[in-house]
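# Tertiary structure, described
Read off the chains here:
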Amino acid sequence: MSQALFEQLRAAVQQRPPRRLGPPRSEVALASVLIPFFERDGEPWLLFVKRPDGSYRHAGQIAFPGGKRDGGETALQCALREAQEEVGLDPKDVEVYGELDEYDTIVTGFRITPIVGKMPYPYPLKPDPFEVERIIEVPLARLLDLGILRTELRKAFGLEIPVYYYQVGDDLIWGVTAGMLTPLLGMIRELPACPR
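Below is a short write-up of the structure. Computed from a prediction, not measured in an experiment: that's the story for all the values here.

This part is about the overall build of the protein. Helix and strand content of the protein: 4 helices and 11 strands. Expected size for 196 residues packed as a compact globule is a radius of gyration near 16 Å; at 16 Å, the protein falls within 12% of this value. When its C-alpha atoms are laid out on the principal axes, the protein stretches across 45 × 35 × 35 Å. Carbon and sulfur atoms form 54% of the exposed surface of the protein, whose accessible area is close to 10000 Å².

As structure tokens, this is what we get:
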């Protein structure tokens, strides 16, 4: 079942042109994340990282591996580099499916390009302790369970923005990560091989 889902997901990502948000404002920083799927016990899973607590932006939050682009980097190059730096995932071990819609963070001023890919499993991950408190592996079926999702409307800069929260055991996935995860899960729900 999961192999069919991975094939359908790759095709769906590749066939759907990602939405571009136009030229970013000068104060917006370009960034990328890798959304790494893997197969475990015959089922699709997703990998997240928990950021260490601290005073920097997104401290303590659950995220996909990623960060700010270096000068001249493409979105894909950035996502693969960051995943290697943060969790030790070698770029040559990632089967890249493609890009999702660009995502602007309203408060922190990033324009993020999510890259979907598949990694081998098991894999000798080596999290960087300065950027990753721990690695979190979540079955896709758990994320598709609408019982773990709640949505709140928040006002920021004169806009009313939906904020998504996924409660996965003791972990809460929200903010930017949940904002990128939600449309991806919507895409997956439309696939014939999606677990029902």
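Past the structure itself, the notes keep going.
Among the nonpolar cores identified, the biggest contains 39 residues, and Leu-9, Phe-37, Phe-48, Leu-143 and Ile-188 are the most heavily contacted of them. With 18 residues, the next largest nonpolar core counts Leu-47, Ala-75, Ala-83 and Val-132 among its residues.

Another aspect to go through is unusual backbone geometry. The peptide bond linking Tyr-121 to Pro-122 adopts the cis configuration, its omega dihedral lying at -5 degrees. The backbone of Asp-41 shows a phi angle near 55 degrees, a positive value even though the residue is not glycine. Within the fold, Asp-41 resides in the loop between strand S1 (29–40) and strand S2 (43–50).

The strand order S9-S10-S11 describes an open sheet built from 3 strands, whose pairing is antiparallel. In this open sheet, the two edge strands, each paired with only one partner strand, are strand S9 (149–156) and strand S11 (171–174). Averaged over all adjacent pairs, the angle separating strand axes in this sheet is 30 degrees, with direction ignored. When strand S10 (residues 159–168) meets S11, the two strands line up antiparallel, connected through 4 bridges.

In total, this model carries 5 aromatic pairs according to the counting rule given. For the pair Phe-38 and Tyr-121, a centre-to-centre distance of 4.7 Å together with 15 degrees between the ring planes defines the contact as stacked. Of the two residues, Phe-38 sits in strand S1 while Tyr-121 sits in the loop between strand S7 (110–118) and strand S8 (134–139), which places them 83 residues apart along the sequence. Look at Tyr-121 and you get partly exposed, because its relative accessible area is 35%. For the ring pair Tyr-165 and Trp-174, a centre distance of 5.9 Å and an interplane angle of 10 degrees mean the geometry is stacked. Looking at Trp-174, the relative accessible area reads 28%, which means it is partly exposed. An aromatic cluster is built from Phe-38, Trp-45 and Tyr-121, whose rings are joined through pairwise contacts. Positioned above the aromatic ring of Trp-45, the side-chain terminus of Arg-40 is 4.1 Å from the ring centre.

With that settled, the discussion passes to the pattern of salt bridges. Here the idea is simple: oppositely charged side chains can pair when their charged atoms come close. The final tally for this structure, using the stated rule, is 19 salt bridges. Arg-51 serves as the salt-bridge partner of Glu-86, at 3.1 Å between the closest nitrogen and oxygen. Highlighted residues: Glu-86 in helix H2 (residues 75–87) and Arg-51 in the loop between S2 and strand S3 (62–63), separated in sequence by 35 residues. The shortest N-O distance in the salt bridge between Asp-171 and Arg-134 comes to 2.5 Å. Of the two residues, Asp-171 sits in strand S11 while Arg-134 sits in strand S8, which places them 37 residues apart along the sequence.

What follows is about helix H4 (residues 175–189). The α-helix advances 3.6 residues per turn, and as a result positions three or four apart in sequence lie on the same side. In this model H4 runs 21 Å from its N-terminal to its C-terminal C-alpha over 15 residues, within 8% of the 21 Å that 1.5 Å per residue would give. Most of H4 sits inside the fold, with 12 of its 15 residues counted as buried. Of all the positions in H4, only Gly-175, Val-176, Thr-177, Ala-178, Gly-179, Met-180, Leu-181, Thr-182, Leu-184, Leu-185, Met-187 and Ile-188 are classed as buried.

Taking relative accessible area as the criterion, Glu-86 reaches 0% and is therefore assigned buried. Contact partners of Glu-86, with chain neighbours within four places excluded, come to Val-49, Arg-51, Pro-65, Gly-66, Lys-126, Pro-127, Asp-128, Glu-131 and Val-132.

Cut-offs and rules
Residues numbered from 1 in each chain as written. Predicted model: local features only at pLDDT ≥ 70, side-chain atom pairs only at ≥ 80, totals over all residues. Heavy atoms only, no water. Helix = DSSP H or I, 4+ residues; strand = E, 2+ residues; numbered from the N terminus. Rg over C-alpha atoms; globule rule 2.2 N^0.38 Å. Areas by Shrake-Rupley, 256 points an atom, 1.4 Å probe, with all protein chains shown as cover. Core = buried A, V, L, I, M, F, W, Y, C linked by side-chain atoms within 4.5 Å. Buried < 20%, exposed > 50% of the residue type's maximum accessible area, 1.4 Å probe, protein only. Pairing = 2+ DSSP bridges. Axes fitted to C-alpha atoms, helices over the stretch in contact; angles between N-to-C directions. Phe/Tyr/Trp six-rings, centres within 6.5 Å; stacked < 30°, edge-to-face > 60°. Lys NZ or Arg CZ within 6 Å of the ring centre and 35° of its normal. Salt bridge = Lys/Arg side-chain N within 4 Å of Asp/Glu carboxyl O. Expected span 1.5 Å × (residues − 1). Contact = heavy atoms within 4.5 Å.

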